[in-house]
Amino acid sequence: MSRTYEDLVAEASAVSVDGWDFSWLDGRATEERPSWGYQRIMAERLAVSSAALDVQTGGGEVLAGAPVLPAVMAATESWPPNVTVATRLLRPRGVVVVADPDEPPLPFADGAFDLVVSRHPVTVWWDEIARVLEPGGTYLSQQVGAASMFGLVEHFLGPLSQETYRARHPDDAVRDAEAAGLEVVDLRSETLRTEFFDVGAVVYYLRKVIWMVPGFTAEGYEERLRALHDVIEREGSFVAHSTRFLIDARRRKGEGMPG
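Residues numbered from 1 in each chain as written. Predicted model: local features only at pLDDT ≥ 70, side-chain atom pairs only at ≥ 80, totals over all residues. Heavy atoms only, no water.

By the naming in an unreviewed UniProt entry, the chain is Class I SAM-dependent methyltransferase, taken from Sanguibacter biliveldensis.

See the structure below:
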(Lines give C-alpha, C1' and ligand atoms only; values in the text may rest on other atoms or scores of the structure.)
Protein backbone atom coordinates (compact mmCIF):
# COMPACT_ATOMS: atom_id res chain seq x y z
CA MET A 1 0.00 0.00 0.00
CA SER A 2 1.37 3.40 -0.96
CA ARG A 3 2.18 5.80 1.87
CA THR A 4 0.20 8.97 2.34
CA TYR A 5 1.38 12.43 1.38
CA GLU A 6 1.39 13.42 5.06
CA ASP A 7 3.56 10.48 6.11
CA LEU A 8 6.11 11.02 3.34
CA VAL A 9 6.45 14.75 3.96
CA ALA A 10 6.63 14.38 7.74
CA GLU A 11 9.41 11.80 7.47
CA ALA A 12 11.45 13.86 5.01
CA SER A 13 10.99 17.04 7.05
CA ALA A 14 12.32 15.40 10.23
CA VAL A 15 15.48 13.72 8.92
CA SER A 16 18.84 15.51 9.28
CA VAL A 17 20.26 17.16 6.17
CA ASP A 18 23.71 17.88 7.64
CA GLY A 19 26.69 16.91 5.50
CA TRP A 20 26.67 16.09 1.82
CA ASP A 21 25.69 12.43 1.94
CA PHE A 22 22.58 11.64 -0.12
CA SER A 23 22.27 7.98 0.92
CA TRP A 24 18.87 8.69 2.50
CA LEU A 25 17.55 8.88 -1.05
CA ASP A 26 18.62 5.33 -1.91
CA GLY A 27 15.58 3.60 -3.41
CA ARG A 28 13.65 6.89 -3.44
CA ALA A 29 15.47 8.80 -6.15
CA THR A 30 18.11 8.14 -8.81
CA GLU A 31 20.59 10.50 -10.43
CA GLU A 32 22.61 9.65 -13.50
CA ARG A 33 26.30 10.29 -12.92
CA PRO A 34 28.71 12.03 -15.31
CA SER A 35 30.73 9.62 -17.40
CA TRP A 36 34.12 11.11 -16.50
CA GLY A 37 34.08 10.01 -12.82
CA TYR A 38 35.12 13.11 -10.88
CA GLN A 39 36.05 11.30 -7.68
CA ARG A 40 38.35 8.90 -9.53
CA ILE A 41 40.14 11.74 -11.35
CA MET A 42 40.39 13.77 -8.15
CA ALA A 43 41.86 10.80 -6.27
CA GLU A 44 44.46 10.25 -8.99
CA ARG A 45 45.53 13.92 -8.79
CA LEU A 46 45.64 13.93 -4.98
CA ALA A 47 47.84 10.82 -4.96
CA VAL A 48 50.64 12.70 -6.77
CA SER A 49 50.14 16.12 -5.15
CA SER A 50 52.34 17.53 -2.38
CA ALA A 51 49.92 20.21 -1.13
CA ALA A 52 46.22 20.40 -2.03
CA LEU A 53 43.07 22.30 -1.13
CA ASP A 54 39.44 21.18 -1.41
CA VAL A 55 37.24 24.28 -1.69
CA GLN A 56 33.67 24.02 -0.37
CA THR A 57 34.17 20.46 0.80
CA GLY A 58 30.60 20.08 2.12
CA GLY A 59 30.66 17.35 4.72
CA GLY A 60 33.99 16.09 3.37
CA GLU A 61 32.48 12.90 1.98
CA VAL A 62 33.95 13.22 -1.52
CA LEU A 63 37.44 14.07 -0.30
CA ALA A 64 37.30 11.26 2.28
CA GLY A 65 36.81 8.80 -0.59
CA ALA A 66 40.34 9.42 -1.90
CA PRO A 67 42.61 6.52 -0.86
CA VAL A 68 45.77 8.66 -0.72
CA LEU A 69 46.01 12.28 0.41
CA PRO A 70 49.02 14.59 0.04
CA ALA A 71 51.26 15.47 2.96
CA VAL A 72 49.58 18.89 3.16
CA MET A 73 45.80 18.76 2.75
CA ALA A 74 43.32 21.49 3.64
CA ALA A 75 39.62 21.99 3.02
CA THR A 76 37.25 24.94 3.35
CA GLU A 77 33.53 25.00 4.13
CA SER A 78 31.12 27.83 4.91
CA TRP A 79 28.06 26.13 6.41
CA PRO A 80 28.66 25.49 10.14
CA PRO A 81 26.88 22.08 10.33
CA ASN A 82 29.00 20.86 7.43
CA VAL A 83 32.19 22.19 9.05
CA THR A 84 31.46 19.97 12.05
CA VAL A 85 30.72 16.91 9.91
CA ALA A 86 33.77 17.45 7.69
CA THR A 87 36.10 17.96 10.65
CA ARG A 88 34.91 14.76 12.30
CA LEU A 89 35.35 12.82 9.05
CA LEU A 90 38.60 14.34 7.75
CA ARG A 91 40.68 15.16 10.83
CA PRO A 92 41.68 11.50 11.33
CA ARG A 93 43.12 11.66 7.79
CA GLY A 94 45.27 14.69 8.70
CA VAL A 95 43.09 17.20 6.84
CA VAL A 96 42.74 20.71 8.28
CA VAL A 97 39.15 21.90 7.77
CA VAL A 98 38.87 25.70 7.77
CA ALA A 99 35.57 27.51 8.37
CA ASP A 100 35.50 30.04 5.55
CA PRO A 101 32.68 32.45 4.58
CA ASP A 102 33.00 31.61 0.85
CA GLU A 103 34.10 35.06 -0.16
CA PRO A 104 37.55 36.48 -0.96
CA PRO A 105 40.18 36.11 0.19
CA LEU A 106 40.85 32.42 0.71
CA PRO A 107 42.73 32.11 4.03
CA PHE A 108 45.95 30.83 2.46
CA ALA A 109 49.17 32.34 1.15
CA ASP A 110 49.99 32.95 -2.51
CA GLY A 111 51.16 29.79 -4.26
CA ALA A 112 50.37 27.57 -1.26
CA PHE A 113 49.08 24.61 -3.29
CA ASP A 114 49.95 22.65 -6.39
CA LEU A 115 46.36 21.36 -6.64
CA VAL A 116 42.96 22.87 -5.85
CA VAL A 117 39.84 20.73 -6.23
CA SER A 118 36.16 21.49 -5.77
CA ARG A 119 32.99 19.50 -6.41
CA HIS A 120 29.84 21.54 -7.03
CA PRO A 121 31.03 24.89 -5.67
CA VAL A 122 28.23 27.40 -5.16
CA THR A 123 30.54 30.23 -6.22
CA VAL A 124 33.99 30.25 -7.78
CA TRP A 125 36.37 33.10 -6.97
CA TRP A 126 38.70 32.55 -9.91
CA ASP A 127 41.28 35.16 -8.94
CA GLU A 128 41.61 33.53 -5.52
CA ILE A 129 41.95 30.05 -7.05
CA ALA A 130 44.75 31.34 -9.26
CA ARG A 131 46.40 33.18 -6.36
CA VAL A 132 46.70 30.17 -4.05
CA LEU A 133 47.98 27.93 -6.87
CA GLU A 134 51.69 27.77 -7.51
CA PRO A 135 52.77 28.43 -11.12
CA GLY A 136 51.98 25.26 -13.06
CA GLY A 137 49.50 24.16 -10.38
CA THR A 138 46.08 22.88 -11.41
CA TYR A 139 42.42 23.41 -10.55
CA LEU A 140 40.06 20.47 -11.05
CA SER A 141 36.35 21.01 -10.50
CA GLN A 142 33.03 19.40 -11.30
CA GLN A 143 30.37 22.08 -11.38
CA VAL A 144 26.64 22.40 -11.75
CA GLY A 145 25.91 23.70 -15.23
CA ALA A 146 23.26 25.94 -16.78
CA ALA A 147 19.54 25.27 -16.15
CA SER A 148 20.30 22.30 -13.91
CA MET A 149 17.14 20.74 -12.39
CA PHE A 150 15.04 23.59 -13.74
CA GLY A 151 12.21 21.15 -14.46
CA LEU A 152 11.89 20.70 -10.70
CA VAL A 153 12.63 24.32 -9.78
CA GLU A 154 10.02 25.70 -12.19
CA HIS A 155 7.39 23.36 -10.73
CA PHE A 156 7.72 25.42 -7.55
CA LEU A 157 8.76 28.87 -8.78
CA GLY A 158 7.18 29.09 -12.22
CA PRO A 159 9.00 30.08 -15.44
CA LEU A 160 12.50 31.44 -14.92
CA SER A 161 14.12 34.23 -16.92
CA GLN A 162 16.43 33.70 -19.85
CA GLU A 163 19.17 35.34 -17.81
CA THR A 164 18.69 32.71 -15.11
CA TYR A 165 18.79 29.97 -17.73
CA ARG A 166 22.12 31.34 -19.00
CA ALA A 167 23.79 31.43 -15.56
CA ARG A 168 26.53 28.87 -14.78
CA HIS A 169 27.26 28.23 -18.43
CA PRO A 170 30.62 26.45 -18.92
CA ASP A 171 31.69 29.03 -21.51
CA ASP A 172 31.51 31.67 -18.78
CA ALA A 173 33.68 29.52 -16.52
CA VAL A 174 36.32 29.28 -19.26
CA ARG A 175 36.24 33.05 -19.78
CA ASP A 176 36.58 33.80 -16.07
CA ALA A 177 39.32 31.20 -15.56
CA GLU A 178 41.39 32.63 -18.40
CA ALA A 179 40.88 36.18 -17.13
CA ALA A 180 42.33 35.07 -13.78
CA GLY A 181 45.50 33.73 -15.40
CA LEU A 182 44.53 30.09 -15.79
CA GLU A 183 44.74 27.98 -18.94
CA VAL A 184 41.81 25.61 -19.43
CA VAL A 185 43.20 22.27 -20.60
CA ASP A 186 39.98 20.22 -20.48
CA LEU A 187 36.26 20.99 -20.47
CA ARG A 188 33.46 18.42 -20.61
CA SER A 189 29.71 18.75 -20.06
CA GLU A 190 26.71 16.41 -19.85
CA THR A 191 22.95 16.47 -19.25
CA LEU A 192 21.83 13.79 -16.78
CA ARG A 193 18.50 12.23 -15.81
CA THR A 194 17.20 12.53 -12.24
CA GLU A 195 14.09 10.67 -11.08
CA PHE A 196 12.14 11.06 -7.83
CA PHE A 197 9.90 8.17 -6.76
CA ASP A 198 8.06 9.84 -3.86
CA VAL A 199 7.34 13.36 -2.70
CA GLY A 200 9.42 12.83 0.46
CA ALA A 201 12.51 12.50 -1.73
CA VAL A 202 11.76 15.91 -3.22
CA VAL A 203 11.29 17.48 0.21
CA TYR A 204 14.59 16.05 1.41
CA TYR A 205 16.42 17.18 -1.74
CA LEU A 206 15.12 20.75 -1.53
CA ARG A 207 15.90 20.97 2.20
CA LYS A 208 19.46 19.87 1.48
CA VAL A 209 20.18 21.75 -1.76
CA ILE A 210 18.90 25.00 -0.32
CA TRP A 211 19.67 27.25 -3.29
CA MET A 212 17.35 25.38 -5.67
CA VAL A 213 14.14 26.83 -4.16
CA PRO A 214 15.33 29.51 -1.73
CA GLY A 215 13.41 29.54 1.53
CA PHE A 216 11.77 26.20 0.78
CA THR A 217 9.57 24.64 3.46
CA ALA A 218 7.03 21.88 3.05
CA GLU A 219 4.37 24.08 4.63
CA GLY A 220 5.11 27.05 2.39
CA TYR A 221 4.93 24.99 -0.79
CA GLU A 222 2.22 22.52 0.22
CA GLU A 223 0.03 23.17 -2.81
CA ARG A 224 2.85 22.53 -5.28
CA LEU A 225 4.08 19.51 -3.30
CA ARG A 226 0.63 17.95 -3.34
CA ALA A 227 0.44 18.49 -7.11
CA LEU A 228 3.83 16.81 -7.49
CA HIS A 229 2.71 13.95 -5.24
CA ASP A 230 -0.26 13.44 -7.57
CA VAL A 231 2.06 13.31 -10.60
CA ILE A 232 4.25 10.67 -8.95
CA GLU A 233 1.22 8.62 -7.87
CA ARG A 234 -0.13 8.75 -11.41
CA GLU A 235 3.08 8.32 -13.44
CA GLY A 236 5.37 6.49 -11.01
CA SER A 237 8.01 9.20 -10.77
CA PHE A 238 8.92 12.83 -11.40
CA VAL A 239 11.75 13.32 -13.90
CA ALA A 240 14.07 16.31 -14.15
CA HIS A 241 17.49 16.79 -15.72
CA SER A 242 20.68 18.06 -14.14
CA THR A 243 23.67 19.49 -15.99
CA ARG A 244 27.30 19.05 -15.00
CA PHE A 245 30.63 20.15 -16.40
CA LEU A 246 34.21 19.25 -15.59
CA ILE A 247 36.83 21.96 -15.86
CA ASP A 248 40.56 21.31 -15.61
CA ALA A 249 42.73 24.44 -15.59
CA ARG A 250 46.38 25.18 -14.98
CA ARG A 251 47.99 28.35 -13.64
CA ARG A 252 50.30 29.64 -16.30
CA LYS A 253 54.00 29.64 -15.48
CA GLY A 254 56.15 32.73 -15.67
CA GLU A 255 53.31 35.24 -15.40
CA GLY A 256 52.37 37.63 -12.64
CA MET A 257 48.89 37.58 -11.22
CA PRO A 258 46.31 39.72 -12.99
CA GLY A 259 45.91 43.18 -11.53
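Trainee: Residue-level account of the layout of surface pockets, with values.
Mentor: Taken as a whole, the largest pocket holds about 1,100 Å³ of empty space. Lining the largest pocket are 43 residues, with V144, S148, W211, M212 and R244 sitting closest to its centre. Residue assignment for the lining of the largest pocket shows that the elements contributing at least two residues are β1 (29–31), β6 (133–144), α6 (150–157), α8 (170–179), β7 (182–196) and β8 (238–251). Sorting elements by how many residues they give to the lining of the largest pocket places α8 first, with 4 residues. Classifying every residue of the lining of the largest pocket by side-chain character gives 23 nonpolar, 10 polar and 10 charged. By volume, the second largest pocket amounts to about 390 Å³. Lining the second largest pocket are 20 residues; nearest its centre among them are G58, E77, N82, V122 and W211. Its residues placed into classes, the lining of the second largest pocket shows 8 nonpolar, 7 polar and 5 charged. (1 Å grid on protein atoms, 1.4 Å probe; cavity = no way out; pocket = protein on both sides within 12 Å on 5 of 7 lines; lining within 4 Å. Points joined across faces, edges and corners; volume = space filled by probe spheres on them. Helix = DSSP H or I, 4+ residues; strand = E, 2+ residues; numbered from the N terminus. Nonpolar A, V, L, I, M, F, W, Y, C, P; charged D, E, K, R; others polar.)

Trainee: For the UniProt feature "domain: Methyltransferase type" (unreviewed entry) in the chain, give the residues involved together with the corresponding values.
Mentor: Under the UniProt annotation, the feature "domain: Methyltransferase type" (unreviewed entry) is placed at residues 53–139. Spanning residues 53–139, this segment combines 25% helix with 30% strand, and its end C-alpha atoms are found 10 Å apart. (UniProt positions renumbered as here; feature names shortened; annotations may be inferred.)

Trainee: Account for the packing of aromatic side chains, naming residues and giving values.
Mentor: The tally for this structure, following the rule as stated, stands at 8 aromatic pairs. Where F150 meets Y165, the ring centres are 4.9 Å apart and the plane angle is 85°; that geometry is what we call edge-to-face. Of the two residues, F150 is situated in helix α6 and Y165 in helix α7 (residues 162–166); the sequence distance between them amounts to 15 residues. For F150, a relative accessible area of 13% translates into the label buried. Assessed through its relative accessible area of 30%, Y165 is described here as partly exposed. Plain terms: the ring middles of F156 and Y221 are 5.7 Å apart, the flat faces sit at 80° to each other, and that makes the pair edge-to-face. Note that F156 is positioned in helix α6 and Y221 in the loop between α9 (199–208) and α10 (222–235), a separation of 65 residues in sequence. You can call F156 buried: its relative accessible area is 7%. Each residue in the set F156, F216 and Y221 is aromatic and connected to the rest through ring pairs, giving one cluster. The aromatic ring of F22 is capped on one face by K208, whose charged end is 5.3 Å from the ring centroid. (Phe/Tyr/Trp six-rings, centres within 6.5 Å; stacked < 30°, edge-to-face > 60°. Buried < 20%, exposed > 50% of the residue type's maximum accessible area, 1.4 Å probe, protein only. Lys NZ or Arg CZ within 6 Å of the ring centre and 35° of its normal.)

Trainee: A description of the packing of helix α1 (residues 5–14) against α10 should follow, citing residues and the corresponding values.
Mentor: Between α1 and α10, the least distance of the axes is 11 Å, while the angle of their chain directions is 120°. Taken together, the axes of α1 and α10 lie oblique to each other. Both α1 and α10 take part in a crossing whose hand is right-handed. Here Y5, E6 and L8 of α1 lie close against α10, whose contacting residues are E222, L225, R226 and H229. Class assignment for the residues of the contact of α1 with α10 results in 3 nonpolar, 1 polar and 3 charged. (Axes fitted to C-alpha atoms, helices over the stretch in contact; angles between N-to-C directions. Parallel < 35°, antiparallel > 145°, perpendicular 65-115°, else oblique. Left-handed = near helix turned anticlockwise from the far one by under 90°. Contact = heavy atoms within 4.5 Å.)

Trainee: Give me empty space enclosed by the protein: which residues, what numbers.
Mentor: The tally for this structure, following the rule as stated, stands at 3 cavities of 30 Å³ or more. What lines the largest cavity is a set of 17 residues, among which V55, Q56, D102, L106 and W125 lie closest to the centre. For the lining of the largest cavity, the secondary structure elements donating two or more residues are β3 (72–77) and α5 (126–132).

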